[in-house]
Amino acid sequence: MKRVTALFSAVLALSSSYAFAEDVEYRLPSSVTPTFQRIHLNLDPDAPRYSGSTSIDITVNEATQKVGFYEQDLVIVNASLSFNGETIPLTVSEGEYDMNWGEANDMLSPGKYTLDINFEGAVNTSSDGMYLSRFEDKNYIFTQFEDMHARKAFPSFDEPIFKIPYQMSISSPVHQVVVSNTPVEKEVTKDGVKTVTFEKTKPMPTYLIAYTVGPFDSVEMTGLPVPGRLYVPKGYADKTAFVVKHTPEILASLENFFGIKYPYKKMDFVAVPNFTHGAMENVGLITYRDSLLLLEDEPSLTERSRPLNVIAHELAHQWFGNLVTMAWWDDLWLNEAFASWAASYVMKELYPELNYADRIVQEGAFGADASPTVKPVKKEVRTQPDVMDGLGLNYSKGESILQMIESLIGTDKFREGVRAYMKEHAWGNTVADDLWRALDGVSDFNLSAMMKAYLEQPGYPLIHIGTDGRVVQSRFHYAGATVEPQTWAIPLKLTYKANGKINQEVVFIDKKTTTLPQLAEADWVYPNDNATGYFRWAVSAKQLNALLSDIDALNKREKKNVLYNYQALLNADEVGVDSVMKVLNALANDQDPAVIRAAVGVLAEFDYLVNDENEANYAALLNDKYLPLLNRLSLTQSDTDSADVIRLRNLLFSLLGLYANNKELIAKSEVIAKQYIADPTSVPSGIAGTAIAITTKYSAVEDNAKWFDTIVKAFKAAQLPNVKRTLVYSMRFNDKASVYNMLDLALTDDITPANTVSMVISVARSLDDHTLLYTWLNENKDALIAKMPDYHVSRMPEFVSTTCSAENLAMANTFYAPIHSQHQGMSRGVEIMQDESNQCLRLKDAFQKDFDAFLEAAQ
Ligand SMILES: [Zn+2]
């Protein structure tokens with residue numbers, strides 16, 4: 001590791017860190033704090049309503065007449081305080097931000113009280129709070145309390161700062177399985193009802209409480225340091241071998257990394273058949289989408305990646321998030337960035353064959369983070385939609401920034417800093433500054449300034465390197481967008497060639513313009529050693545040519561970075577189509593399949609410029625340049641194929657199959673699709689999904705009804721969630737009857753509420769012209785919105801309606817105009833949809849002509 005010198009001056013106007021203890025209107029006042037909460041619930045998955053009671057030990061810190069707590073959609077039957085054996089009745093009224101206020105007749109003097117509340121509620125079907133999931137004619141109750149949903153299940157001090165012990169007890173019909181965060185303390189059965197009391201928890205926030213009730217089967221997870229079971233819907237216990245086998249090694253790797261034993265008394269997993277999110281790290285009872293846990297015993301290589309990665313992510317949260325918790329939701333990214341980073345660490349350590357070392361995580365963030373209206377990762381949060389706005393960047397941008405730090409100080413020092421932070425704050429709450437302090441402590445430069453510049457400002461820099469050695473930074477934006485000027489503190493890890501010799505050094509830039517004389521004479525400059533920087537960069541055309549002729553001086557991460565970077569520069573109107581094609585040509589014949597895949601990926605990104613006029617030329621280019629490559633790989637996956645080869649094959653198959661109009665490939669796709677439908681174990685799902693997409697796109701209209709029926713029949717017969725997914729969400733029909741069939745299917749019980757939006761997205765992707773989609777949506781919007789989880793309702797404009805067609809955008813605007821203000825968070829979804837769509841339209845305007853000319857010249 002090269003040594004890093006600090007050249008920092010405090011140049012950045014940064015917001016000060018957020019109030020920790022100061023009272024704000026959207027949080028409960030510090031006058032009353034909880035110390036312990038008991039919750040009892042009477043639950044029956046076959047009955048929609050339930051009742052419950054809770055007692056919360058509280059401390060009144062300063063005299064007050066009111067005690068606040070959170071509650072949403074519950075009926076408060078009564079509430080009272082007890083104090084030294086005396087009962088004090090409370091009159092409850094509703095306030096802002098889901099707060100309720102219990103008012104006593106007289107002032108409450110400081111001291112210890114117990115707040116007792118009896119309440120009633122309904123188990124909802126919208127996949128957050130406490131919710132009902134109907135699966136194969138059986139009912140299950142699940143919970144999803146992150147971020148502010150515990151208040152929908154029981155009254156509580158529903159903020160992450162209140163880390164206290166809880167004790168849960170649940171009464172339910174005797175035949176139901178009941179599980180919660182801790183082991184069972186006792187179970188009593190009376191008159192067909194069993195009451196399960198769980199052990200008191202360690203201190204934890206409400207959002208990590210979980211319980212589930214239903215007719216589960218379960219298997220033991222052996223080899224863990226604590227007892228653990230994997231709970232599955234009835235009949236699915238034989239689909240768990242893969243997860244049971246790999247979970248212990250993942251947990252062991254994390255225990256080793258943190259230097260702290262797994263902090264809880266048990267660790268159960270639950271496979272949830274209807275789940276909005278991927279998984280949730282509840283203390284001792286982690287919930288997952290069923291598709292992540294119910295798998296073949298030995299899934300094909302690339303299909304192992306997501307389940308293992310998500311398990312590693314959720315287990316990493318048991319330390320980062322659960323043992324040490326953010327004080328408020330504005331620091332949620334601390335949880336997510338770190339869990340994502342730690343999951344990548346585990347994947348690299350345990351499963352090198354999955355090639356996480358080559359993944360450029362920034363590429364997952366750069367698109368969303370280029371929007372002129374994007375929010376900083378650390379931002380003010382008052383309400384639930386504020387948390388959800390830009391949620392994805394908490395993971396991807398957060399992980400990228402941590403990775404940038406790791407690459408600067410080295411993995412060992414990074415781990416040292418994290419261990420110190422964990423030790424100091426175990427069982428407590430933190431703000432971002434606590435982590436910076438820990439990392440500053442193990443590095444010899446000002447990491448906090450760099451972190452704040454990246455996390456408290458939106459977007460990221462574009463760095464221009466001139467042939468005179470002048471380095472100028474500005475905020476990256478796409479062609480035609482306007483953004484405010486900003487500067488960052490940026491570590492530049494330079495590789496450059498001067499006088500025939502390749503040099504490397506690290507410099508920091510923190511001003512708009514910096515002069516680096518050593519670059520003035522360089523033949524070429526590559527400023528992003530090992531592609532760990534969170535920025536885009538540009539060099540002169542002459543230096544680019546020199547770099548491309550010396551391209552094997554770069555490693556494969558760096559080569560991929562050159563490709564993605566030049567594609568981004570095109571989108572920013574910094575270079576022309578010719579520059580991108582030059583880079584693409586220089587790397588499309590690389591020895592490494594990962595690099596070729598990046599090159600093919602860049603070409604595939606131009607699909608928004610393909611239209612009726614140029615599609616024949618585009619098809620000719622694909623058949624000419626890329627079909628030989630696919631033919632060399634063949635469509636058959638072999639056991640010796642590396643993950644990179646598999647991914648390259650899947651990408652080429654999809655690009656050529658959907659755009660090359662190649663009769664032979666379409667015919668082969670039909671054979672593969674039929675083979676998969678007959679026996680889903682005979683073809684890997686990556687290939688099968690593409691084969692179904694191609695076949696349904698090109699299928700003759702009169703055959704479509706038959707195809708649709710065949711696919712849906714196979715879908716209903718399939719057991720594995722991934723097979724079900726591959727079958728129905730791959731369909732790419734575009735005729736009216738089939739499109740309506742797909743959309744109508746989304747409203748049936750065959751598609752769970754959490755998967756409903758996926759079907760609508762599939763339809764939007766299948767259609768160039770969205771008229772059919774909006775005709776159906778206008779007729780069915782009430783049923784659709786009622787079925788989908790609230791989170792999907794708010795994101796629907798962005799997920800479904802983002803488009804590169806002015807006509808489609810106009811239809812979308814007309815559709816959402818009367819409804820967006822009726823649904824929490826949907827207005828922001830519309831704004832993002834408009835931003836992204838208008839951006840694509842501007843790019844089309846700017847580059848259509850050049851792209852057409854390029855295709856013409858390639859013939
Ligand atoms: Zn997470």
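This text gives an overview of the structure that appears in the document. (Residues numbered from 1 in each chain as written. Predicted model: local features only at pLDDT ≥ 70, side-chain atom pairs only at ≥ 80, totals over all residues. Heavy atoms only, no water.)

Right, let's talk about the coordination of the zinc ion for a bit. The protein atoms that coordinate the zinc ion are His313 (NE2), His317 (NE2) and Glu336 (OE), at distances of 2.0 to 2.1 Å. Motif for the zinc ion, donor spacing along one chain: H-x3-H-x18-E. With histidine 313 in helix H3 (residues 301-317) and glutamate 336 in helix H4 (residues 332-350), this residue pair connects regions lying 23 residues apart in the sequence. No difference in accessibility class separates histidine 313 from glutamate 336, as the two residues are buried. (Donors = N, O, S within 2.8 Å, 3.2 Å for Na, K, Ca; no water. Helix = DSSP H or I, 4+ residues; strand = E, 2+ residues; numbered from the N terminus. Buried < 20%, exposed > 50% of the residue type's maximum accessible area, 1.4 Å probe, protein only.)

One pass over the full model with this rule turns up 43 aromatic pairs. Their ring planes at 85 degrees and their centres at 5.4 Å tell us that tyrosine 526 and tryptophan 537 sit as a pair that is edge-to-face. Residue tyrosine 526 is found in strand S28 (residues 524-526), and its partner tryptophan 537 is found in strand S29 (residues 536-538); the two are separated by 11 residues along the sequence. Both residues of the pair, tyrosine 526 and tryptophan 537, count as buried. Ring pairs connect the aromatic residues Phe257, Phe258, Tyr262, Tyr264, Trp319, Phe320, Phe338, Trp341, Tyr345, Phe414, Tyr421 and Trp427, which therefore count as one cluster. (Phe/Tyr/Trp six-rings, centres within 6.5 Å; stacked < 30°, edge-to-face > 60°.)

Among the secondary structure elements, glutamine 567 is positioned in helix H12 (residues 556-571). Apart from residues no more than four positions distant in its own chain, glutamine 567 is found in contact with Val580, Val602 and Glu605. (Contact = heavy atoms within 4.5 Å.)

Another point: the sheet that holds S28. With antiparallel pairing, 3 strands are arranged side by side in an open sheet as S26-S25-S28. Bordering the open sheet on either side are strand S26 (501-509) and S28, each of which pairs with just one other strand. Averaged over all adjacent pairs, the angle separating strand axes in this sheet is 25 degrees, with direction ignored. Pairing of strand S25 (residues 490-498) with S26, which is carried by 9 bridges, proceeds in the antiparallel orientation. Within the sheet, the bridge partner assigned to proline 491 lies in S26 and is phenylalanine 508. (Pairing = 2+ DSSP bridges. Axes fitted to C-alpha atoms, helices over the stretch in contact; angles between N-to-C directions.)

Before going further, it helps to examine the pairing of strand S8 (residues 111-122). Here strand S2 (residues 49-60) runs beside S8; their pairing, made up of 12 bridges, is antiparallel. Bridged to tyrosine 50 within S8 is glycine 121. Bridge count for strand S4 (residues 75-83) against S8 is 7 bridges, and the pairing is antiparallel. Residue pairing in the sheet places serine 80 in a bridge with aspartate 116 of S8.

Sheet architecture is open: 4 strands sit in the order S27-S24-S23-S29, paired in mixed fashion. The open sheet is flanked by strand S27 (513-515) and S29, the only strands paired with a single partner. Going from strand to strand, the sheet's axes swing by 20 degrees on average, the running direction of each strand aside. One ladder, built from 3 bridges, connects strand S24 (residues 470-475) with S27; its direction is antiparallel.

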